[in-house]
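So the chains spell out like this:
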Amino acid sequence: MLTLLLVLLGPAGAADLPTAPLSLGWTLSGSWPGSDYGLALASAGDVDLNLFPDLVVGAPADDQGRGRVALYRAAQQGGGYTGESWTTSGTEENSGFGGVLAGGQDLDGDGFTDVAVGCSVGTWQVSVYAGGEGGLSVDPAWSEDSGGGTFGRSLAMPGDVDGDGYAELVAGNTSLGDNGQVLVYMGGHDGLGHSAVVLSGDEDHPVGAVVAAAGDVDGDGLADILSGGGPALETPLAAAVFAGSAAGPSPTPSYHLAWPSGAQGFGASMAGVGDVDGDGWQDLCIGADGIPATGGVAGAGQVLCWRGGATGPDGTPTWTWADPVAGTMAGRAIAGAGDVDGDGFADVLIGRPAWSDDQHLEGGALLLMGSAAGLGTSTAWTMGGDADSSDHGDAWIGTGQAVAGLLDVDLDGYTDVAVGVPNVGADTDEGRLGQVRVYRGQAWAPPTGGGDTAADTGADTGDSPAPSGCGCAGVGGALPGMGWLIGLLALARRRR
């Protein structure tokens, strides 16, 4: 048995490795025409404790804007996603239910992760669906309506901010207080309560437009919260990190992330991205999509990242990547991709929804790789929507408006990612079904000499891509690494 294990863990020769760190695994298609399926994505964690991570997809324009959310439960033995296992719908027209999603954390300590759903347009309700052996609950286990403002337009599950063993839910509201607020609903044995801990910004650090799980940026073992005032602000202001503590999250910003000059659209997206340089501290990234607050021509999108440390992140970015092509809206969405190639460094996935490559306004996504030197500035992988806006009612395809890291869907030792492609499937805006494309991580051989691997690796490439709506791609590809064993043992321990 040990001999077999050593064989499985043995390195592959570089000549045998693919030249990109991601390949297409599964393509999921929506079932509801004109629904904006794929406009919101989130890792659901493991809602059913089958040891494989699950995915939630929003379709906020379904049924006169009532919106819908679909859950995909990963099959065992590396089968990936085969179809919706659960759906739920909003109740009010033009609410955009499902336009905001958060998941991957256990709010009530039962071992199953939970999912939160917000409305992106006209309703201010947030609902939590509890995980269980059969998947997510039919009815919400918890819901809250703030009564107005922008409540629920931004959601995050940061993890355990106070060390009590239960994860928390965070919702932003820019309409509360003088400079916005972040509302933290604390987890517990009976789930979330309805009395929120209020975190406030100040005139230099407005908050609430975007909230994100920061990870543990200062190494104290407690989760932290990242928030900002959004990209529409005309005056350069900083984003804020609220540190976790045994007494709960800091009510005022603990650390400030400065808005660098020229980063138009700063704060369009935010994410804790893990440890990109392997120094033991978790890092943060903020997207700037290039859109000026005062209007005008879109500039180059950027992603700005800060290294974590014992005293928190520095005020100015440690690493900056700028899109060499202006007007792509790169940075509109970002996500921590995990370690897609198994080299020990976290990687970063970036949405690029207005990109035009072979097809006009097809949109796309790209991957930046972590390393001992930090986040690389050359793209290791790109993909495009593979559809032209002229063939889809002259609307942009919107690929990359939502991206997500998914942990290791097929348990092969490499983390996987998802990219939303909402405007495909018909030649009219009303008929489009939308897609979500799931890409599998793998060991790879970087091209000699470095540089930007700009070739489109969309749905028409990769290792035997599964047909739309099918999760039947084989495991194949990368050999298992120790991460596979560690993850399996950790999850098995949770089931006792």
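Residues numbered from 1 in each chain as written. Predicted model: local features only at pLDDT ≥ 70, side-chain atom pairs only at ≥ 80, totals over all residues. Heavy atoms only, no water.

Engineer: Would you mind showing me how to read the nonpolar core here?
Structural biologist: A general feature of soluble globular proteins is that nonpolar side chains tend to end up buried together. The biggest cluster of nonpolar side chains holds 22 residues, and the ones touching the most others in it are Tyr37, Leu55, Tyr72, Tyr81, Leu406, Val436 and Val438. For this core, the elements supplying multiple residues, two or more each, are strand E1 (22-29), strand E3 (54-59), strand E4 (68-72) and strand E30 (435-441). Top contributing element to this core by residue count: E3, with three residues. If we skip the residues at most four places from it in the chain, leucine 406 touches Ser43, Pro53, Leu55, Tyr81, Asp416, Val417, Ala418 and Val438. (Core = buried A, V, L, I, M, F, W, Y, C linked by side-chain atoms within 4.5 Å. Buried < 20%, exposed > 50% of the residue type's maximum accessible area, 1.4 Å probe, protein only. Helix = DSSP H or I, 4+ residues; strand = E, 2+ residues; numbered from the N terminus. Contact = heavy atoms within 4.5 Å.)

Engineer: Where do I start with the pairing of E30 in this structure?
Structural biologist: Strand residues, when the strand is regular, have side chains that alternate between the two faces of the sheet. Among the seven residues that make up E30, seven are buried, leaving the element largely enclosed by the rest of the structure. A two-sided burial pattern is seen for E30, the buried positions comprising Gln435, Arg437, Tyr439 and Gly441 on one face and Val436, Val438 and Arg440 on the other. As paired elements, E1 and E30 share seven bridges and run antiparallel to each other. Across the sheet, serine 23 pairs through a bridge with arginine 440, a residue of E30. (Pairing = 2+ DSSP bridges.)

Engineer: When you look at the state of the cysteines in this model, what are you seeing that I'm missing?
Structural biologist: Here, disulfide denotes a covalent bond that connects the sulfur atoms of two cysteines. Scanning all chains against the criterion turns up one disulfide. What pairs with cysteine 285 in a disulfide is cysteine 305, and their sulfur atoms sit 2.1 Å apart. Measuring handedness by torsion sign, the sulfur bridge of cysteine 285 and cysteine 305 sits at about 105° and is right-handed. On the criterion of sequence distance, the pair formed by cysteine 285 in strand E21 (residues 283-288) and cysteine 305 in strand E22 (residues 302-306) is long-range, its members being 20 residues apart. (Disulfide = S-S within 2.5 Å.)

Engineer: What's the story with the environment of valine 276 in this structure? I'm lost.
Structural biologist: With respect to the element layout, valine 276 can be found in the loop between strand E20 (266-274) and E21. You can call valine 276 buried: its relative accessible area is 1%. C-alpha of valine 276 to C-alpha of serine 371: the two residues are 95 residues apart in sequence and 6.3 Å apart in space. Beyond its immediate chain neighbours, meaning those up to four positions away, valine 276 contacts Asp283, Trp319, Phe345, Ala346, Val348, Gly370, Ser371, Gly374 and Leu375.

Engineer: How do you make sense of the side chain of serine 389 when you look at a structure like this?
Structural biologist: Along the polypeptide, serine 389 turns up in the loop between strand E27 (381-384) and strand E28 (403-405). Judged by relative accessible area, serine 389 falls into the buried class, the value being 3%. The contact partners of serine 389, leaving out residues within four places of it in the chain, are His360, Leu361, Asp394, Ala395, Trp396 and Ile397.

Engineer: When you look at the environment of glycine 215 in this model, what are you seeing that I'm missing?
Structural biologist: Mapped onto the secondary structure, glycine 215 falls in strand E16 (residues 210-215). Exposure remark for glycine 215: the relative accessible area of 19% places this residue in the buried category. When the C-alpha positions of glycine 215 and aspartate 283 are compared, they lie 7.8 Å apart, and in sequence the two are 68 residues distant. Setting aside its immediate chain neighbours within four residues, glycine 215 contacts Leu222, Ala223, Asp224 and Gln282.

Engineer: It is not clear to me how the sheet that holds E30 should be interpreted in this structure. Could you clarify?
Structural biologist: Strands pair in a sheet through their backbones, by hydrogen bonds, and they do so in one of two ways: parallel or antiparallel. If you trace the four strands from one edge of the open sheet to the other, you get E1-E30-E29-E28, paired in antiparallel fashion. The two strands at the open ends of the sheet, each matched to only one other strand, are E1 and E28. On average, adjacent strands in this sheet sit at an angle of 20° to one another, irrespective of strand direction. (Axes fitted to C-alpha atoms, helices over the stretch in contact; angles between N-to-C directions.)

Engineer: How should the pattern of salt bridges be read in this particular structure?
Structural biologist: In a structure, side chains of opposite charge can pair up when their charged atoms sit close to one another. Here the structure, examined in full by the defined rule, presents twelve salt bridges. With a shortest N-O distance of 2.6 Å, arginine 432 and aspartate 36 are connected by a salt bridge. Residue arginine 432 is found in the loop between strand E29 (417-421) and E30, and its partner aspartate 36 is found in the loop between E1 and strand E2 (40-45); the two are separated by 396 residues along the sequence. Of the residues examined, arginine 432 reaches a relative accessible area of 7% and is grouped as buried. A salt bridge links aspartate 289 to arginine 332, with the nearest nitrogen and oxygen atoms 2.8 Å apart. With a gap of 43 residues between them, aspartate 289 in the loop between E21 and E22 and arginine 332 in the loop between strand E23 (319-322) and strand E24 (334-338) connect regions that are remote in the sequence. Linked through salt bridges whose partners overlap, the residues forming this network are Asp63, Arg66 and Glu93. (Salt bridge = Lys/Arg side-chain N within 4 Å of Asp/Glu carboxyl O.)

Engineer: For this particular structure, what's the right way to read the sheet that holds E22?
Structural biologist: Within the open sheet, the four strands sit side by side as E20-E21-E22-E23. Their pairing is antiparallel. Of all strands in the sheet, those with a lone pairing partner are E20 and E23, marking the two edges. When the angles between neighbouring strand axes are averaged without regard to direction, this sheet yields 20°.

Engineer: Help me out: how do you make sense of the side chain of glutamine 181 in this one?
Structural biologist: Assignment of secondary structure puts glutamine 181 in strand E14 (residues 181-185). Residue classification places glutamine 181 among the buried residues on the basis of a relative accessible area of 16%.

Engineer: I keep staring at the confidence of the model for the protein chain and nothing clicks. Help me out?
Structural biologist: Taken residue by residue, the protein chain gives an average pLDDT of 86. The fraction at 70 or more is 86%. The model gives residues 1-12 a pLDDT under 50, and that stretch makes nine contacts with residues more than four places away or in other chains. Predicted confidence is poor over residues 450-496, with pLDDT under 50, and the contacts of this stretch with residues over four places away or in other chains come to 103 contacts. (pLDDT = per-residue confidence, 0-100.)

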